[in-house]
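Residues per chain are reported as follows:
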Amino acid sequence: MHRCHDGSYKLLFSHPRPVIDLLQGFVVEQWVKQLRFDTLERVSNSFVADSLSTRECDIVWRLRGGDAEWTYIYVMLEFQSTVDRWMALRVMTYVGLLYQELVKQRTIIKLSGGSARVLPAIVPIVLYSGDRPWSSVRDVADLIAPLSNGLAAYTPSLRYLLLEQNVLANQPQRANNLASAIFRLEHPQSAAEIAEIIGRLAEELDGESQRSLRRAFEVWINRVVLPRYLPTPASKMTESLYSLEELNVMAATREEFRWPVEYYQEGIRDGVQKGLEQGLEQGRRQSQIECAEQLIRQTAMHDSMIAGVSGLAAQEVALLRAKVAH
């Protein structure tokens, strides 16, 4: 699941819009204000060393800054769903490999008023989506034993910017910010909020120009978010993807979307699990019927797929379809 989760983030943040929303909405640093987002472009994240071995970080973007001497700023994104003690070391390795690649490509900066040539800035960002608090050090220098007698001058130092999703999700939701929508769907406060966010995504990502990004969101929600709520047979019954419109209906009507979020937020624990199950059973049947009816009216899904999504039998869906038709 961790690999699937991190892979889906690579798919989402391979599009410019979520990257721009992430930087503008959640990186509160002065250099972000000087970025020219209209120059944002993705660059290769695969590095081939002189030994012909290949290493790969998650995603690298570059864009121009406001200072002429900056030329380009490179933003390196790493996605983590688990805590990695050696993350700072990994980041230092990726940054070094990227710099080697830039030297090979002669991507260097000539400072004004002189002949000195330097490399562009690289900002490594770790986006952490796990539930446990991030406990790893952020500077590689903190992984190295303290040195004395003048040896400390030879200790490497490289720091990454950490964005903890469970912290960012508690901030006020930012309108029309796709990164904010991702964080809120990862840590929803209610089932209604899930349906609201997916509904807004369906409206905002409409049109041919948004087709690729819409597909990325559908893949992520279907493969990562949906299995947290629907029973395993329903979530794995088909390799096809539900559209954002279909996911919106499911989130608004399926009882399974309500209890993991709302009862957890209310602090219900094992002591009242029996009562919870009884309450769920009372409303489950009606929610299954409502979900199936809405899918019949609003989608072109066939009966067996609606049965898997709603939890009803295929024969019951067929009877509902006949009822709706009249």
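Above this text is the structure in question.
A quick note: this is a predicted structure, and the numbers were derived from the prediction, not measured. (Residues numbered from 1 in each chain as written. Predicted model: local features only at pLDDT ≥ 70, side-chain atom pairs only at ≥ 80, totals over all residues. Heavy atoms only, no water.)

Student: Help me understand the overall build of the chain, please; the structure alone is not making it clear to me.
Tutor: The number of helices and strands found in the chain is 14 helices and nine strands. The burial tally for the chain puts 46% of its 326 residues in the buried class. For the chain, long-range pairs separated by at least 24 residues make up 61% of all intrachain contacts whose partners lie at least 6 apart in sequence. About 17100 Å² of surface is accessible on the chain, with carbon and sulfur atoms providing 50% of the total. (Helix = DSSP H or I, 4+ residues; strand = E, 2+ residues; numbered from the N terminus. Buried < 20%, exposed > 50% of the residue type's maximum accessible area, 1.4 Å probe, protein only. Contact = heavy atoms within 4.5 Å. Areas by Shrake-Rupley, 256 points an atom, 1.4 Å probe, with all protein chains shown as cover.)

Student: Would you mind going over the packing of aromatic side chains with me for this structure?
Tutor: In this description, a pair of aromatic rings is defined by centroid distance and the angle of the planes. In total, this model carries seven aromatic pairs according to the counting rule given. Clustering of aromatic rings is evident, with ring pairs tying together Tyr9, Phe13, Phe79, Phe217 and Trp220. Residue placement shows Arg62 over the ring face of Tyr72; its charged tip is 3.9 Å from the ring centre. In this structure, Arg64 is placed above the aromatic ring of Tyr72, and the distance from its NZ or CZ to the ring centre is 4.3 Å. (Phe/Tyr/Trp six-rings, centres within 6.5 Å; stacked < 30°, edge-to-face > 60°. Lys NZ or Arg CZ within 6 Å of the ring centre and 35° of its normal.)

Student: Teacher, can you tell me more about the nonpolar core here?
Tutor: Here is a general trend for soluble globular proteins: nonpolar side chains tend to be buried in one another's company. If you look at the biggest cluster of nonpolar residues, it comprises 67 residues, and the most contacted ones within it are Phe13, Leu23, Leu77, Leu201 and Trp220. In terms of residues, this core owes the most to one element, helix 8 (residues 211-225), which gives seven residues. Excluding residues within four positions of it along the chain, Trp220 makes contact with Ser8, Tyr9, Leu12, Ile182, Leu185, Glu186 and Val225. Grouped together as the second largest cluster of nonpolar side chains are 20 residues, Ala88, Val126, Tyr160 and Leu162 included. (Core = buried A, V, L, I, M, F, W, Y, C linked by side-chain atoms within 4.5 Å.)

Student: It is not clear to me how the packing of helix 6 (residues 178-186) against helix 7 (residues 191-204) should be interpreted in this structure. Could you clarify?
Tutor: Between two packed helices, both the angle of their axes relative to each other and the distance between the axes serve to describe the pair. At a closest axis distance of 10 Å, the pairing of helix 6 and helix 7 adopts a crossing angle of 150°. One way to sum up the angle between helix 6 and helix 7 is to call them roughly antiparallel. The crossing of helix 6 and helix 7 is left-handed. Within the contact between the two elements, helix 6 uses Leu178, Ala181, Arg184 and Leu185 and helix 7 uses Glu193, Ile194, Ile197, Ile198, Leu201 and Glu204. Of the residues contributing to the contact of helix 6 with helix 7, the split by class is seven nonpolar, no polar and three charged. (Axes fitted to C-alpha atoms, helices over the stretch in contact; angles between N-to-C directions. Parallel < 35°, antiparallel > 145°, perpendicular 65-115°, else oblique. Left-handed = near helix turned anticlockwise from the far one by under 90°. Nonpolar A, V, L, I, M, F, W, Y, C, P; charged D, E, K, R; others polar.)

Student: I tried to follow the pattern of salt bridges on my own but got confused; where do I start?
Tutor: Close approach of charged atoms allows side chains of opposite charge to pair. Taken as a whole, this structure holds eleven salt bridges when the rule is applied. For Glu193, the salt bridge identified is with Arg184, shortest N-O distance 3.0 Å. On the basis of relative accessibility, which here comes to 12%, the residue Glu193 falls in the buried class. Residue classification places Arg184 among the buried positions, given a relative accessible area of 5%. Two residues, Arg200 and Glu196, come together in a salt bridge whose shortest N-O distance is 2.8 Å. Remark: Glu196 and Arg200 occur in helix 7; sequence separation between them is four residues, near one turn of the helix. Arg200 sits in the partly exposed class, given a relative accessible area of 32%. Owing to a relative accessible area of 47%, Glu196 belongs among the partly exposed residues under this scheme. Among the charged side chains, a salt-bridge network with shared partners connects Arg17, Asp21 and Glu204. (Salt bridge = Lys/Arg side-chain N within 4 Å of Asp/Glu carboxyl O.)

Student: Teacher, can you tell me more about the packing of helix 2 (residues 16-26) against helix 6 here?
Tutor: Where helix 2 contacts helix 6, the two axes come as close as 7 Å, and the packing angle between them is 85°. Taken together, helix 2 and helix 6 sit at an angle that is classed as roughly perpendicular. Contacts between helix 2 and helix 6 involve Arg17, Pro18, Asp21, Leu22 and Phe26 on the former and, on the latter, Leu178, Ala179, Ser180 and Phe183. Across the contact of helix 2 with helix 6, the residue classes tally to six nonpolar, one polar and two charged.

Student: Is there a simple way to think about the environment of Val43 in this case?
Tutor: Along the chain, the position of Val43 falls in strand 1 (residues 36-43). On a C-alpha basis, the gap between Val43 and Val60 in space is 5.7 Å, while along the polypeptide they are 17 residues apart. Not counting residues up to four positions away in its chain, the partners in contact with Val43 are Val60, Trp61, Arg62 and Tyr74.

Student: Looking at this model, I keep getting lost on the sheet that holds strand 1. Mind explaining?
Tutor: One key point about sheets: their strands pair by backbone hydrogen bonds, in either a parallel or an antiparallel sense. The five strands lie next to each other as 1-4-5-8-9, forming an open sheet whose pairing is mixed. Unpaired on one side and paired on the other, strand 1 and strand 9 (161-164) mark the two borders of the sheet. Strand-to-strand twist of the sheet, defined as the mean angle between neighbouring strand axes without regard to direction, takes the value 25°. In terms of strand pairing, strand 4 (residues 59-64) meets strand 5 (residues 72-80) through six bridges, oriented antiparallel. Among the inter-strand pairings, Ile59 is bridged to a residue of strand 5, identified as Leu77. Relative to the sheet, helix 4 (residues 87-104) contacts strand 4, strand 5 and strand 8 (121-128), its axis offset from that of strand 5 by approximately 145°. (Pairing = 2+ DSSP bridges.)

Student: Even after reading the chapter, I still don't get helix 2, so can you show me in this structure?
Tutor: Helical periodicity: at 3.6 residues per turn, an α-helix aligns residues three or four positions apart in one direction. Most of helix 2 is tucked away, with eight of its eleven residues classed as buried. Within helix 2, burial applies to Pro18, Val19, Ile20, Asp21, Leu22, Leu23, Gly25 and Phe26.

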